[in-house]
Amino acid sequence: QVQLVESGGGLVQAGGSLKLSCAASGSMLSINTMAWYRQAPGKQRELVASITRGGNTNYVDFVKGRFTISRDNAKNTVYLQMDSLKLEDTATYYCKVVNVLNIYWGHGTQVTVSS
């Protein structure tokens, strides 16, 4: 019912920046938590950052000080500003949103960091 469209991935040099966007559509129900996960080849999907409707944020240690999650509730969109990117950040990044009925996942956007 809720459709998620991620964008903003691409190829960037180490030390550079990217900004990911995830726009939710298809439902009038209020979205509670929005989050970004990532998955590298051969590894488990891991949480990167989350944000509540009220703007309360949480980050995993390995992105603190480099990544910033934000949201625009009027647009039902969550963003992930990624600065000082490292080779280890290379992964497929997935958007997750939660409303009263379900949990929804995007199809992912690829981020590749090169030296």
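Notes on the structure follow. (Residues numbered from 1 in each chain as written. Predicted model: local features only at pLDDT ≥ 70, side-chain atom pairs only at ≥ 80, totals over all residues. Heavy atoms only, no water.)

Here the focus is the environment of Ile51. Residue placement: Ile51 occurs in strand 5 (residues 46-51). The class of Ile51 is buried, set by a relative accessible area of 5%. If we ignore the near neighbours within four places in the chain, the residues touching Ile51 are Asn32, Thr33, Met34, Asn56, Thr57, Ile69, Ser70, Arg71 and Val78. (Helix = DSSP H or I, 4+ residues; strand = E, 2+ residues; numbered from the N terminus. Buried < 20%, exposed > 50% of the residue type's maximum accessible area, 1.4 Å probe, protein only. Contact = heavy atoms within 4.5 Å.)

So, about the state of the cysteines. In protein chemistry, a disulfide is the covalent bond that joins the sulfur atoms of two cysteines. Enumeration over the complete set of coordinates arrives at one disulfide. Disulfide pairing places Cys22 opposite Cys95 at an S-S distance of 2.1 Å. Because the torsion about its S-S bond is -85°, the bridge between Cys22 and Cys95 counts as left-handed. Separated by 73 residues along the polypeptide, Cys22 in strand 3 (residues 18-25) and Cys95 in strand 9 (residues 91-99) bring together distant segments of the chain. For the pair formed by Cys22 and Cys95, the shared burial category is buried. (Disulfide = S-S within 2.5 Å.)

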